[in-house]
Amino acid sequence: QVQLVESGGGLVQAGGSLRLSCAAPGRTFSKYTMGWFRQAPEKAREFVATISGSGANTYYTDSVKGRFTASRDNAKEMAYLQMNSLRPEDTAVYYCAARFSLATGATYHVADEYNFWGQGTQVTVSS
């Protein structure tokens, strides 16, 4: 299975910001919808955000709307998740994921729809 490479996690105070990055070298990056998921201890993996291959369409879970922004740079084969106004309940391991799609405007909201996954990066928000 192809693995994506994530970075940018860390510890931040409530109200602070972090920017997660996800690299997918060697792929036709614009052909892949990108997704972001998170998993807290003893909880199920939760959908956070997605961005279509073209970058034209995004979708967010309600709890992060207005605070998180997904973006991508297809020339650099990178996807990003900018996280602002972080809250303690955002604490989790964050995973990026990719799904091949012939439709460059498509978004996917379910973990089982994704083909490839990053290794995860810990985000901890202190209160």
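Up top you'll find the structure we're talking about.
The residue numbers shown here count from 1 along each chain, following its written sequence. Given that this is a predicted model, residues contribute local features only at a pLDDT of at least 70 and side-chain atom pairs are listed and counted only at 80 or more, while totals for whole chains, interfaces and linings are drawn from all residues. Values reported for side chains reflect all heavy atoms of the structure, with hydrogen atoms and water molecules removed beforehand.

Caption draft 1: Spotlight on the environment of M83. Relative to the helices and strands, M83 resides in strand β8 (residues 78-83). M83 sits in the buried class, given a relative accessible area of 0%. When the C-alpha positions of M83 and G16 are compared, they lie 8.4 Å apart, and in sequence the two are 67 residues distant. In what follows, a contact means two residues having at least one pair of non-hydrogen atoms within 4.5 Å. Apart from the residues within four sequence positions on either side, M83 is in contact with G16, S17, L18, L20, R67, F68, Y94 and V123. We count a stretch as a helix when DSSP gives it H or I for four or more residues in a row; a strand needs E for two or more, and each element gets its number in order from the N terminus. Residue exposure (1.4 Å probe, protein chains only): buried if accessible area is under 20% of the type maximum, exposed if over 50%, otherwise partly exposed.

Caption draft 2: Geometry of the pairing of strand β11 (residues 121-126). With burial as the criterion, only one face of β11 is covered, namely that bearing T121, V123 and V125; the residues Q122, T124 and S126 on the opposite face remain uncovered. When DSSP finds two or more bridges between two strands, those strands count as paired. In the sheet, strand β2 (residues 10-13) pairs with β11 via four bridges, with the strands oriented parallel. Opposite L11, over in β11, you have T124 as the bridge partner. Across three bridges, strand β9 (residues 92-100) lies against β11 in antiparallel orientation. If you follow A92 over to β11, its bridge partner there is V123.

Caption draft 3: Up close: the side chain of S21. Considering the arrangement of structural elements, one finds S21 in strand β3 (residues 18-23). Taking relative accessible area as the criterion, S21 reaches 14% and is therefore assigned buried. Apart from residues no more than four positions distant in its own chain, S21 is found in contact with V5, E6, S7, W36, M78, A79 and Y80.

Caption draft 4: Just the packing of aromatic side chains, in detail. For Phe, Tyr and Trp, where Trp contributes only its six-membered ring, two rings pair if their centres lie within 6.5 Å, and the inter-plane angle classes them as stacked under 30 degrees, edge-to-face over 60, or tilted in between. What the rule picks out here adds up to eight aromatic pairs. Ring centres of F37 and F47 lie 5.7 Å apart, and the angle between their planes is 70 degrees; this geometry places the pair in the edge-to-face category. Residue F37 is found in strand β4 (residues 32-39), and its partner F47 is found in strand β5 (residues 46-51); the two are separated by 10 residues along the sequence. Put simply, the rings of F37, F47, Y59, Y108, Y114 and W117 pair up and form one aromatic cluster. Above the plane of the ring of F29 lies R72, whose end atom (NZ or CZ) is 4.4 Å from the centre. In this structure, R99 packs its charged tip against the face of Y108, placed 4.4 Å from the ring centre. Geometrically, a charge over a ring is one whose NZ (Lys) or CZ (Arg) sits within 6 Å of the ring centre while staying within 35 degrees of the ring normal.

Caption draft 5: Focus on the side chain of T61. Looking at where T61 falls in the secondary structure, it is placed in the loop between β6 (58-60) and β7 (68-73). We classify T61 as buried; its relative accessible area is 18%.

Caption draft 6: Representation of the state of the cysteines within the structure. Disulfide: a pair of cysteine sulfur atoms within 2.5 Å of each other. As enumerated under the stated definition, the model contains one disulfide in all. Disulfide pairing is shown between C22 and C96; the S-S distance is 2.1 Å. Taking the torsion about the sulfur-sulfur bond, which here is approximately 65 degrees, the covalent link between C22 and C96 counts as right-handed. With C22 in strand β3 and C96 in strand β9, this pair connects stretches of sequence that are 74 residues apart. The residues C22 and C96 share a single accessibility class, namely buried.

Remember, this is a structural readout, not a statement about activity or role.
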